[in-house]
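Structural features, examined
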2 protein chains.
Amino acid sequence: MRALEERIQRDGRVLGGDILQVGGFINQQIDTSFTLELAREVFSLFSDLPVTKVLTIEASGIAFGFAVSLQFGVPLVFAKKSRTSNVDGAVLFAPIHSFTHGNDYNATVSAEYIKPEDNVLIVDDFLANGEALRGLIKIVNDAGASVVGAAVEIEKGFQGGGDRLRSEGIRVESLAIIESMSESGITFRR
Amino acid sequence: MRALEERIQRDGRVLGGDILQVGGFINQQIDTSFTLELAREVFSLFSDLPVTKVLTIEASGIAFGFAVSLQFGVPLVFAKKSRTSNVDGAVLFAPIHSFTHGNDYNATVSAEYIKPEDNVLIVDDFLANGEALRGLIKIVNDAGASVVGAAVEIEKGFQGGGDRLRSEGIRVESLAIIESMSESGITFRR
């Protein structure tokens, strides 16, 4: 999506070779109108499918997830990164390794929020190695529900996670795919 | 706000005396259209003030914060609960004690996202002891910016945090204030 690529070029900063800092508009300070524009694009990509739930993971997926849910008129569910006192009852979970933070955690969702009849669109702000999406897919599968696909704001194409998921038959739509990046520039996949 | 009180009565569950479970529409599974309705009410309450930023804290404040930001047409900034590798540069922070989770953490915001000229509306999903709001107020003050007020979806009035902030001159608007609750029922402040 051209508008997102231009915004990344203008406001993104590459730190230490593999971190793309987009805190000014995506994940710390959020440009909510622009996020809604991105969500409209996701809606047009998946509007042929009977989405009943949008699923993301805390924290930085929630803003985009909210915007996408609004477009589809369906609830947003977000996975938590650890089991807390206000999750009661049966819990769906998936172990996830974070390359960014160098740690492991469980993504958890109360089983009452994803039912076998649900068609779930998974969304996140970033896709790098694909570990988070893979965890969310496991959660949907464990619930007996269907994964409609995944929509991501920015994919780091060079880390391969998106292409591995696509080769397994998952529909992954990323609004911008970075082919390569360094402190001297960012190149997008055409 | 009557619509929120009715929704809490219908879909909320009181667990173990002092936890209000509203995971079905506020914080786990989010009714995004309803959240937008709540945000419109916040806009009408604060529309006389020159809000330039909305500030919340991850994770469960982000959805409501997003909706409120959209109404005001200003950016949403969210504080993180620990310093992570993608916060660079100068950081504003406040130590916060969570009574819900029985732990302490730092709320952090990159200093580039709150400037002295900002008029900040602080929002959160819940207000109980007021520790989180107090931390966010400290962050705004440390940035040299102004706190316009605070808007909250649900205040647990019986825990006193909201009234303590009000007595200090902070404008706190809660869309529903619970006066008392138990497994047999919920009473709202009139």
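All values derive from a computational prediction rather than experimental measurement. (Residues numbered from 1 in each chain as written. Chains lettered and ligands numbered in written order. Predicted model: local features only at pLDDT ≥ 70, side-chain atom pairs only at ≥ 80, totals over all residues.)

**Quick look at the overall build of chain A**
Note the threshold: The helix and strand labels rest on DSSP assignments: H or I over at least four residues marks a helix, E over at least two residues marks a strand, and numbering proceeds from the N terminus. Just to be clear, the radius of gyration here is over C-alpha atoms, and the globule rule we use is 2.2 Å times residues to the power 0.38. Burial is judged by counting the other C-beta atoms within 10 Å of a residue's own C-beta: 20 or more makes it buried, 12 or fewer makes it exposed, and any count in between marks it as partly exposed, with every C-beta position built from the backbone. For the purpose of contact definition, each residue receives a C-beta atom placed from its backbone, and two residues are in contact when these atoms lie within 7 Å.
Broken down by element type, chain A carries five helices and eleven strands. Taken over the C-alpha trace, chain A has a radius of gyration of 16 Å; the compact-globule value for 190 residues is 16 Å, and the two agree within 12%. Taken along its principal axes, the extent of the C-alpha atoms in chain A is 50 × 35 × 35 Å. Across the 190 residues that make up chain A, the buried fraction comes to 49%. For chain A, restricting intrachain contacts to residue pairs at least 6 apart in sequence, the fraction spanning at least 24 positions comes to 59%.

**Some thoughts on the relation of the copies chain A and chain B**
Counted only if it meets this: We place the copies in one frame by least squares, fitting the C-alpha atoms of every residue whose pLDDT is at least 70 in both.
Overlaying chain A with chain B gives an RMSD of 0.0 Å, the required rotation being 180° about an axis along which the chain moves by 0.0 Å. In symmetry terms, the pair is related by a two-fold rotation axis. For chain A, the residue whose C-alpha comes nearest the rotation axis is Ala59(A), separated from it by 2.5 Å. The residues that chain A uses at the interface reappear at the interface of chain B in 100% of cases, marking a shared surface.

**What about the environment of Ser47(B)?**
Of note, Ser47(B) is situated in the loop between α2 (32-46) and β4 (53-57). You can call Ser47(B) exposed: it has 10 C-beta atoms within 10 Å.

**Digging into the interface of chain A and chain B**
For the record, the criterion: Three categories are distinguished: nonpolar for Ala, Val, Leu, Ile, Met, Phe, Trp, Tyr, Cys and Pro, charged for Asp, Glu, Lys and Arg, and polar for the others, with Gly belonging to the last. Strand pairing requires that DSSP identify at least two bridges connecting the strands.
Taken together, the contact between chain A and chain B spans 31 residues of the former and 31 residues of the latter. Mapped by element, the contributors of at least two residues to the side of chain A that touches chain B are β2 (19-21), β3 (29-30), α2 (32-46), α3 (62-72) and β5 (76-79) of chain A. The dominant element in the side of chain A that touches chain B, judged by the number of residues it contributes, is α3(A), at five residues. A class-by-class count of the residues in the side of chain A that touches chain B yields 14 nonpolar, 14 polar and three charged. Of the strand pairs in this sheet, β5(A) and strand β3 (residues 29-30) of chain B are connected by two bridges, and their pairing is antiparallel. When the bridges of β3(B) are listed, Val77(A) appears paired with Gln29(B).

**Structural notes on the sheet that holds strand β9 (residues 146-156) of chain A**
We apply this condition: To define axes, lines are fitted to C-alpha atoms, for helices over the stretch in contact only, and angles between the resulting N-to-C directions are given on a 0 to 180 degree scale.
The strand order across the open sheet formed by seven strands is β11(A)-β10(A)-β9(A)-β8(A)-β4(A)-β5(A)-β3(B), and the pairing between neighbours is mixed. For this open sheet the edge positions go to β11 (185-188) of chain A together with β3 of chain B, each flanked by a neighbour on one side alone. Helix α4 (residues 131-142) of chain A rests against β4 (53-57), β5, β8 (119-127) and β9 of chain A of the sheet, and its axis sits at about 165° to β8(A).

**What about the pairing of β4(A)?**
Residue and element names in this part refer to chain A. Most of β4 is tucked away: five of the five residues are buried. On β4, burial covers both faces: Lys53, Leu55 and Ile57 on one face and Val54 and Thr56 on the other are all buried. Note that β4 and β8 share three bridges and pair parallel. Looking at β8, one finds that Val54 is bridged to Leu121. Two elements, β4 and β5, share four bridges in a ladder whose sense is parallel.

**Focus: the confidence of the model for chain A**
Under the convention used in this document: Residue-level confidence of the predictor, termed pLDDT, takes values from 0 up to 100.
Across chain A, the average pLDDT comes to 94, with 96% of residues at or above 70. For this predicted complex, the interface confidence score (ipTM) comes to 0.94, while the overall pTM stands at 0.95.

**Observations regarding the sheet that holds strand β11 (residues 185-188) of chain B**
The sheet built from seven strands is open, its strands ordered β3(A)-β5(B)-β4(B)-β8(B)-β9(B)-β10(B)-β11(B) with mixed pairing. Among the strands making up the open sheet, the edge pair consists of β3 of chain A together with β11 of chain B. The pairing of strand β10 (residues 172-182) of chain B with β11(B) spans four bridges and is antiparallel. Within β11(B), the residue paired with Ile178(B) across the bridge is Phe188(B). Helix α3 (residues 62-72) of chain B rests against β3 of chain A together with β4, β5 (76-79), β8 (119-127) and β9 (146-156) of chain B of the sheet, and its axis sits at about 175° to β4(B).

**A few points about the packing of α3(A) against α2(B)**
Packed helix pairs are characterised by how far apart their axes lie and by the angle those axes make with each other. The following threshold applies: Here roughly perpendicular refers to angles of 65 to 115 degrees, roughly parallel to angles under 35, roughly antiparallel to angles over 145, and oblique to all remaining angles.
Running from N to C, α3(A) and α2(B) point in directions that differ by 105°, and their axes come no closer than 9 Å. By the angle class used here, α3(A) and α2(B) are roughly perpendicular. For the pair α3(A) and α2(B), contact is made by Phe66(A), Ser69(A) and Leu70(A) and by Thr32(B), Ser33(B) and Leu36(B), respectively. Of the residues assigned to the contact of α3(A) with α2(B), the class counts are three nonpolar, three polar and no charged.

**Structural notes on the environment of Phe158(A)**
All names here are of chain A. Of note, Phe158 is situated in the loop between β9 and α5 (161-167). Assessed through the 14 C-beta atoms surrounding it within 10 Å, Phe158 is described here as partly exposed. With 52 residues separating them in the primary sequence, Phe158 and Asn106 have C-alpha atoms 26 Å apart.

**Focus: unusual backbone geometry**
Along the chain, Glu58(A) connects to Ala59(A) via a cis peptide bond; the corresponding omega equals -5°. Mapped onto the elements of the fold, Ala59(A) is located in the loop between β4 and α3.

**Side note on α3(B)**
Residues and elements named next belong to chain B. Burial of α3 is extensive: eleven of the eleven residues sit out of reach of the surface. Those residues of α3 that sit buried are Ile62, Ala63, Phe64, Gly65, Phe66, Ala67, Val68, Ser69, Leu70, Gln71 and Phe72. Where α3 terminates, the next one or two residues include Gly73, which has phi positive at roughly 65°.

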